[in-house]
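Residue-level structural notes
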Amino acid sequence: MPIAPPASSVALEAIELRVLQVPLVSPFTTSFGTETVREVIVVRARTTDGDGWGEIVTQQAPLYSSEYTHSAWDVAQRFLIPALLERRSVAPEEVAGILAPFVGHRMAKAGLELAVLDAALRTDGRSLAAHLGAVHERIPSGVSVGIQRDPAALVETVGAYLDEGYARIKIKIKPGRDVGDTAAVRDAFGAIPLQVDANSAYTLADIDVLAALDRFDLLLIEQPLQEDDIVDHATLAARLRTPVCLDESIVSAKAAADALALRAASVINIKAGRVGGYLEAVRVHDLCRDAGVPVWCGGMLETGIGRAANAALAALPGFTLTGDVSASDRFYPRDIVTEPIVLEDGHVRVPTGPGIGVEIDTAALDEVTVDRVELRR
Ligand code: NPQ
Ligand code: MG
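First, a word on scope: everything that follows refers to the structure included in this document. (Residues numbered from 1 in each chain as written. Chains lettered and ligands numbered in written order. Predicted model: local features only at pLDDT ≥ 70, side-chain atom pairs only at ≥ 80, totals over all residues. Heavy atoms only, no water.)

Once that is clear, we can look at the site of ligand 1. Close to ligand 1 lie 18 residues; Ser144, Lys170, Lys172, Asn199 and Gly299 are nearest. A distance of 2.8 Å separates an oxygen atom of ligand 1 from a polar side-chain atom of Ser144. In this structure, an oxygen atom belonging to ligand 1 sits 3.1 Å away from a side-chain N or O atom of Asp247. In the complex, the protein chains occlude 99% of the 450 Å² of accessible area that ligand 1 would expose alone. Contributing elements (two or more residues each) for the shell around ligand 1: strand 1 (12–30), strand 2 (33–47) and strand 6 (168–172). A per-class count over the shell around ligand 1 returns five nonpolar, five polar and eight charged. (Near = heavy atom within 4 Å. Polar contact = N/O pair within 3.5 Å; in protein donor to acceptor, adjacent residues only side chain to side chain. Areas by Shrake-Rupley, 256 points an atom, 1.4 Å probe, with all protein chains shown as cover. Helix = DSSP H or I, 4+ residues; strand = E, 2+ residues; numbered from the N terminus. Nonpolar A, V, L, I, M, F, W, Y, C, P; charged D, E, K, R; others polar.)

Moving on, we get to the coordination of the magnesium ion (ligand 2). On the protein side, the magnesium ion (ligand 2) has Asp197 (OD), Glu222 (OE) and Asp247 (OD) as donor atoms, found 2.1 to 2.3 Å from it. Between the donor residues of the magnesium ion (ligand 2), the gaps in sequence give the motif D-x24-E-x24-D. Note that Asp197 is positioned in strand 7 (residues 194–197) and Glu222 in strand 8 (residues 221–222), a separation of 25 residues in sequence. (Donors = N, O, S within 2.8 Å, 3.2 Å for Na, K, Ca; no water.)

Further remarks concern the pattern of salt bridges. Within this structure, the stated rule accounts for 27 salt bridges. Close ionic contact of Asp366 with Arg18 constitutes a salt bridge, the shortest N to O distance being 2.9 Å. Pair noted here: Asp366 is in helix 13 (residues 362–368) and Arg18 is in strand 1, with a separation of 348 residues, a long-range link. Relative accessible area serves as the criterion here: at 4%, Arg18 is assigned to the buried category. Notably, a salt bridge pairs Lys170 with Glu222, separated by 3.0 Å at the nearest N-O pair. With Lys170 in strand 6 and Glu222 in strand 8, this pair connects stretches of sequence that are 52 residues apart. For Lys170, a relative accessible area of 3% puts it in the buried group. (Salt bridge = Lys/Arg side-chain N within 4 Å of Asp/Glu carboxyl O. Buried < 20%, exposed > 50% of the residue type's maximum accessible area, 1.4 Å probe, protein only.)

A positive phi angle, close to 55 degrees, is found at His105, a residue other than glycine. Tracing the backbone through its elements, the reader meets His105 in the loop between helix 2 (92–99) and helix 3 (106–124). Take His105: its relative accessible area is 29%, and that puts it in the partly exposed class. Positive phi outside glycine occurs at Gln223, with the angle close to 40 degrees. Residue position: Gln223 is located in the loop between strand 8 and helix 8 (230–239). Taking the relative accessible area as the measure of exposure, Gln223 reaches 0% and is therefore buried.

Turning to the sheet that holds strand 3 (residues 50–56), a few remarks are in order. The four strands are arranged 3-2-1-13 in an open sheet whose pairing can be described as antiparallel. Looking at the sheet topology across the chains shown, the edges are occupied by strand 3 and strand 13 (369–376). If you compare each strand with its neighbour and ignore which way they point, the axes differ by 20 degrees on average. Note that strand 1 and strand 2 share 14 bridges and pair antiparallel. Bridge pairing links Thr30 to Gly33 in strand 2. (Pairing = 2+ DSSP bridges. Axes fitted to C-alpha atoms, helices over the stretch in contact; angles between N-to-C directions.)

So, on to the sheet that holds strand 10 (residues 267–270). Taken in spatial order, the seven strands make up an open sheet running 5-6-7-8-9-10-11, and their pairing is parallel. Edge positions in the sheet fall to strand 5 (142–145) and strand 11 (295–297), since each of these pairs with one other strand and no more. Pairing of strand 9 (residues 244–246) with strand 10, which is carried by two bridges, proceeds in the parallel orientation. Each residue of the ladder has a partner; that of Cys245, found in strand 10, is Val267. Its contacts with the sheet place helix 6 (residues 179–189) against strand 6 and strand 7, and it is angled at close to 165 degrees to strand 7. In the packing of helix 11 (residues 278–291) onto the sheet, the strands contacted are strand 10 and strand 11, and the crossing angle to strand 10 comes to about 165 degrees. (Contact = heavy atoms within 4.5 Å.)

Spelled out as structure tokens, the structure:
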């Protein structure tokens, strides 16, 4: 694959952060809890050539990962943004290195890097998709379905998404809501492309119930065990017929290489926020592609900013499995961009405009902004 030319450097004047509270169309329940409002941080990088936008995909509480809204809010203002503003000019490819001395906080770093990338690529008149190495104009769209009241309600919800045209269904599971829920969906819809996500809710002591899922011919089981249980995932993977996919555990390209070396996973879910940015996400993609390991693009209930960037990432050639890049209206009655991602024939279009390729709906953005700060050079 041709190496993309580096993006221009930008002269940063200020970085603005906003905390948003965006209403969801319906509650979203996983093994770690229920959300009715998406609390998320939006980043605006103000440069001498114009603005760039990014999104920090933390949740209100540290349930999916150790990061949360106010950890990102604090570390960004206290350490990350000052380190960036200290520079006269910054190229997107330099952001990760500038922020590397600060341990962890990958989602915060990823949101800042995306804002700089967007500003630089808008200046260059180049799309994020082209910059990352996208090879598709549209991608098949999957949907992640939260845990419902009971299996009958799950069947009804899944049926509605299938009617909309989604190309693949993922259902959330947890102990006590696993084999029965999966059986209900298989019985109702037959051989649809189906996978499950446990969000770390099991231990090796649950191996029998996890093995009981083998009879459903699932595409994969995602993150059955805890984030740092790499060896236990390898033990489990050797005992299951269902492919094991890691999400929470894969916090970097190095973590991905280690997990593959240990045979802890045969599939990897790539999320830019979790690995510290879209450029690191491409490195995870590249190493999996070289290893012949299929990847797919995960989701963090992104607004139109992160959703557009995810569509670009998911158009790289190694994304051979359908990801969680669903239409904006799967989560939001009103998005904060003027042209939200829509479902067309089970696919979503990869934006082609400069940068992330979508424009901010400032009235919609202002309406959901609950806190705002700007740091200047
Ligand atoms: C996953 N996402 O793959 C995540 C986890 C997740 C689309 O299934 C609020 C904000 C609630 C982010 C719940 C999907 C969330 C969230 C779950 C992310 O594991
Ligand atoms: Mg997951």
